[in-house]
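Here is how the chains run, residue by residue.
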Amino acid sequence: MRTISRIAAIATALAAFAPAIGMAQSTADQEAKNRAANIAAFPDAARALFGQKTTPASMQARAIGSYARGCLAGARALPVDGASWQVMRLNRNRNWGHPVLVGYLEQLAAEVPRITGWPGLLVGDMSQPRGGPMLTGHASHQIGLDADVWLTPMPRARLDGEQRENMPAVNMARADWRDVDPRNWTPAHTRLIKAVAAEPRVERIFVNPALKVALCREAGADKGWLDKVRPIWGHNYHFHIRMACPAGMASCQGQEPPSFGDGCGAELSGWVERQHDAIFNPPKPKPGPKPKPKPPMSLEALPPECRQVLVSN
């Protein structure tokens, strides 16, 4: 019964997210409008309080709470330009993370030309200056240990401000959402994700189910590294890196280590079919008035230490 309930919950959530699955990351204009609307709707919600903080808390670096219910003290910013990376969507101010994450992204970017032949990485959302729930997007990314890396290679030329805000990422999923688009997906994508999976400090990697189909096929008999790579809706423009809690950090609540195999069999087939149905055969809306949206997470729902993070200088 527990498995059936979990599958039903996944299907319901997937249907709710279906309209957004095929959309590119929002432009600066769209982002500003959505942020303003969410602040106006729930000004006292945790997302509004943390989403309006523009600087980090001057505290010892700590990931506090869990990936989807927590905050971040002593955040460090990933510089917006590196020799082999560029940060995208600068208006969001989400290039912050725990020093463990920032250091790893810098290390990974330096290795990317060797791994892929690309000039470097385009880095998307990490965390806010103090972590916490975000005004738009992401349920996770709250404790400075999550980062989105675009599947679009970094161009050799430096992108200007307008391009960083509005340039669309490339959709890697095929039109039927059951596999990758061979016009966009290359063996370099598989090499990159495999290299990230080999990092012991990486807890999970999230990709669209269509992308995992390609990874399972291209891995051949060497599928051991795929246990960390889990399918989830969205994530067709980027892949999501999640670092494990730093050693000895009691304030950080990690995930159980992966123990469910490579996930290339029936589990993946189920994800692919549920995604396909949600996009091409979405459930009809129920008659009558729409239910009121559930209020977003309150400050009280976060660990008590997050209040200190919020008010710290």
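This text goes with the structure placed above it.
We now turn to the structure provided with this report. What you are looking at is a predicted structure, and each value in this text was computed from that prediction instead of being measured.

Some words on the overall build of the chain
Next up, step 1: A tally of regular secondary structure across the chain gives nine helices and eleven strands.
Next up, step 2: Taking the principal axes of the C-alpha coordinates as reference, the chain spans close to 55 × 50 × 40 Å.
Next up, step 3: Looking at the chain as a whole, 50% of its 313 residues are labelled buried.
Next up, step 4: Taking the intrachain contacts of the chain between residues at least 6 apart in sequence as the baseline, contacts between residues at least 24 apart amount to 79%.
Next up, step 5: Approximately 14600 Å² of the chain is accessible, and the part contributed by carbon and sulfur atoms is 59%.
Next up, step 6: One finds the centroid of the 37 positive side-chain charges in the chain at a distance of 4 Å from the centroid of its 27 negative side-chain charges.

Details of the state of the cysteines
Next up, step 1: Taken as a whole, this structure holds three disulfides when the rule is applied.
Next up, step 2: Here Cys216 engages in a disulfide with Cys264; their sulfurs sit 2.0 Å apart. On the sign convention where negative is left-handed, the bridge of Cys216 and Cys264, at about -85° about the S-S bond, is left-handed. Of this pair, Cys216 sits in helix α7 (residues 209-219) while Cys264 is found in the loop between β11 (238-243) and α8 (266-280), placing the two residues 48 residues apart along the sequence.
Next up, step 3: Across the chain, the way the bonded cysteines pair up, counted in sequence order, is 1-6, 2-5, 3-4.

Procedures and definitions
Residues numbered from 1 in each chain as written. Predicted model: local features only at pLDDT ≥ 70, side-chain atom pairs only at ≥ 80, totals over all residues. Heavy atoms only, no water. Helix = DSSP H or I, 4+ residues; strand = E, 2+ residues; numbered from the N terminus. Buried < 20%, exposed > 50% of the residue type's maximum accessible area, 1.4 Å probe, protein only. Contact = heavy atoms within 4.5 Å. Areas by Shrake-Rupley, 256 points an atom, 1.4 Å probe, with all protein chains shown as cover. Lys, Arg positive; Asp, Glu negative; His and termini not counted. Charge placed at Lys NZ, Arg CZ, Asp CG, Glu CD. Disulfide = S-S within 2.5 Å.

The analysis is restricted to geometry; functional conclusions fall outside its scope.
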